[in-house]
Structure formats: structure tokens, C-alpha cells
Amino acid sequence: MPGSTVLKPLKSPIPPGELSVLEKSKQLAAWSAVDEHVHPDYRVIGIGSGSTVPYVVERIVSQGAEANKNRVFIPTGFQSKELIVSSGLSLGDVDQYPTIDVTLDGADEVDTQLNCIKGGGACHLREKVVAEAAQTQVHLFILVADYRKNVEYLGTNFKAGVPIEVVPFAYAKVLQNLHQVLNSPKASLRMAVAKAGPVVTDNGNFVIDAPFDLEIMKEPYTIMAQIKMLTGVVEVGLFCHMARAAYFGNQDGSVTVKWNDGQVQQIAGSNS
Ligand SMILES: O=C[C@H](O)[C@H](O)[C@H](O)COP(=O)(O)O
């Protein structure tokens, strides 16, 4: 296995006892998903992006040095790469490991059919590749999130729109098509906060956020395919029919699990 094999305990993102209800719900979702889906014999594990993922890594590290010594972890961007390395886990890349045992990732919103919006952190291109790599055998792409992301229809709470990664020289043309052809008049280039100019992804591209009416978002695969057909679009932050299960931590300490066959479970969250 490539990369570092020196294992050391990962510091919890926030000291125990000081987690807010929201952070606790993320931790519950992440820990429950790891306990259920990161089996001892799994060797190649995809680590997604977002605010719930540090708790995924925290729980994986707690499985111990022996469990992790022959594993390799595949990041979806800068954040997860840093998490993997700082946790003393072995780093790989999806071009070395195109078949992944299980990928756990966050989401901006997840509907009843496990379609989701991703890319609020501009990571969705790599996230989709790493998710697909975990689909080759038993479809083990698992979502983890807090209760705010559990919705019936995409776009209910997450109003920023569908994240779309575009090659920089094509952004104006893609924006024009979104405004005039695909009925997203408020689509806009995502601007950086602590930098003048646009957000630049880990792949050197720009991101457009395109809000759509609820009626359009009720058919996410259709709008995803239409956006993807626009020349200059690299990837769309709509993941349709990809996840096997989604874990949502709730405010009361329970976890809601939605499965891709339509089943919904309420379980007690893993908390020790
Ligand atoms: O690009 C970022 C990813 O898709 C994240 O998984 C998603 O934005 C959720 O992030 P957070 O948990 O920070 O809201």
C-alpha cells in the first residue's frame, strides 16, 4: 500500500461534551454509517467532503491501527486528503484504485429516492468519480448528513442551486444557456469569499450555481442530463440513483436511514 502507515489517533473536530445539537447529529450519522458499512475486510475506502466527513474519519480511526493498517483511503478533494493524511491513514487516488469497497460522503440535500445535491464545497466532480468507483460491485455509496438535509424534493432547503463545474473559458456561454434555454434565470458564477474573483475548483475550473423551480427539481435526472449536455460543463452536482443509503442524524439523538429500495428506518445513533 502506498503512503503513510503510521497510525495516530485523530483529534475529534470539536472536544467531546462541547458538540452543538447540529454537530452531534452529524457525528451520529457518520458514526452509524461507519459502524454499518465499513467492514473489517474492506481495504479501499472513499472519503468524501463536507462538514460531516471529519466524523466519518474519526470513527474509522477508532476502529484501531490493526483494522486500518492494510487499508488505503481515496479522497474527493483537498479537505479529505488533508483529513486522511493528518489522521495517519494511507492515502491513495482513484486513478490507482478505480474499484472502491465503500465510499462515505456528505450531501447538501437528499430526496426520498436518494437523489442528492452535492458541490456546495465545489468537490462534486471528484466526488462523483469516487462514488461511481464504489458502485462496481455492491453499490456502496453511502451518504451522511444532519437532519436539515433530509427532504422530499431537492431544493427545499438548499436554495443556492445546482452546482455545475465548468471549464473557465466556457462559463459565459454555459450561463447564457442556463438563463435562456434551461429556465434558470438566476444562475450565477460562484464568487470566492477571501479572494477576488471566482471560486476555482481543485481541478482548476469554475462553478456555476443554478437554482431551478421545484417542478423541475422533482425530476432531477432529467435536468441533470440536460445540464450535462451543455458544452463546457464538466460535471453536475446532482447525483441520481447512485446512493445505497443515506444516514441523517436527528436532534433527538436518533438516526434516520433511507435506503435505495424505499425503506426508511429509525435507529438509535452510535454514540460510544
Ligand atoms: O462539494 C462539497 C460536497 O458535495 C459536500 O459533501 C456537500 O457540500 C455538503 O457539505 P456540508 O456537509 O459542509 O454542508
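Treat the numbers as computed from the prediction; the structure is a model and nothing was measured.

Quick word on the site of the ligand
Consideration 1: Among the 15 residues in the neighbourhood of the ligand, the closest are listed as S49, S51, D108, G119 and E127.
Consideration 2: Between an oxygen atom of the ligand and a side-chain N or O atom of E127, the distance comes to 2.7 Å.
Consideration 3: Contact with the protein chains removes 86% of the 370 Å² of surface that the ligand exposes when unbound.
Consideration 4: Among the residues making up the shell around the ligand, the classes are represented as three nonpolar, seven polar and five charged.

Brief notes about the environment of S25
Consideration 1: In this fold, S25 is placed in helix α1 (residues 21-37).
Consideration 2: Taking the C-alpha atoms as reference points, S25 and N250, 225 residues apart in sequence, are found 5.4 Å from one another.
Consideration 3: When near neighbours in sequence (up to four residues on either side) are disregarded, S25 contacts A145, D146, Y147, G249 and N250.

So, the domain arrangement of the chain
Consideration 1: Partitioning the chain into domains gives domain 1 (21-152 + 240-268) and domain 2 (162-237).
Consideration 2: Computed over C-alpha atoms, the centres of domain 1 and domain 2 are 25 Å apart.
Consideration 3: Taken together, the contacts link 17 residues of domain 1 with 17 residues of domain 2.
Consideration 4: Roughly 1300 Å² is buried in total at the junction of domain 1 and domain 2, and carbon and sulfur atoms are behind 60% of that figure.
Consideration 5: Considering only the surface of domain 1 that becomes buried against domain 2, H124, L125 and K128 emerge as the three largest contributors, covering 39% of it.
Consideration 6: Run the count over domain 1 and domain 2 and you get one salt bridge.
Consideration 7: Across the pair K128 and E235 runs a salt bridge, and its minimum N-O distance is 3.0 Å.
Consideration 8: Inspection of the domain 1/domain 2 interface yields nine residue pairs in polar contact (both at pLDDT 80 or more).

A closer look at helix α5 (residues 124-133)
Consideration 1: Counting buried positions over the ten residues of α5 gives seven, a clear majority of the element.
Consideration 2: Listing the buried residues of α5 in full gives H124, L125, E127, K128, V130, A131 and A133.

Brief notes about the nonpolar core
Consideration 1: Grouped together as the largest cluster of nonpolar side chains are 31 residues, with contacts concentrated most on I45, I47, L104 and Y247.
Consideration 2: Within the second largest apolar cluster, 25 residues are counted, among which are I117, L154, I164 and M224.

Things to note about the pattern of salt bridges
Side chains that carry opposite charge are capable of pairing whenever their charged atoms lie near each other.
Consideration 1: One pass over the structure, following the stated rule, counts ten salt bridges.
Consideration 2: For K69, the salt bridge is made with E66, and the minimal N-O distance between the two is 2.9 Å.
Consideration 3: Overall, K69 belongs to the partly exposed group, its relative accessible area being 39%.
Consideration 4: The partner of D209 in a salt bridge is R190, and the shortest N-O contact between them spans 2.7 Å. Highlighted residues: D209 in strand β9 (residues 206-210) and R190 in the loop between β8 (188-189) and β9, separated in sequence by 19 residues. The exposure classification of D209 matches that of R190, with both residues buried.
Consideration 5: Via salt bridges that share partners, D105, K118 and E127 belong to a single interconnected network.

Cut-offs applied
Residues numbered from 1 in each chain as written. Predicted model: local features only at pLDDT ≥ 70, side-chain atom pairs only at ≥ 80, totals over all residues. Heavy atoms only, no water. Near = heavy atom within 4 Å. Polar contact = N/O pair within 3.5 Å; in protein donor to acceptor, adjacent residues only side chain to side chain. Areas by Shrake-Rupley, 256 points an atom, 1.4 Å probe, with all protein chains shown as cover. Nonpolar A, V, L, I, M, F, W, Y, C, P; charged D, E, K, R; others polar. Helix = DSSP H or I, 4+ residues; strand = E, 2+ residues; numbered from the N terminus. Contact = heavy atoms within 4.5 Å. Domains from an automatic or database assignment. Buried area = accessible area lost by both parts, 1.4 Å probe. Salt bridge = Lys/Arg side-chain N within 4 Å of Asp/Glu carboxyl O. Buried < 20%, exposed > 50% of the residue type's maximum accessible area, 1.4 Å probe, protein only. Core = buried A, V, L, I, M, F, W, Y, C linked by side-chain atoms within 4.5 Å.

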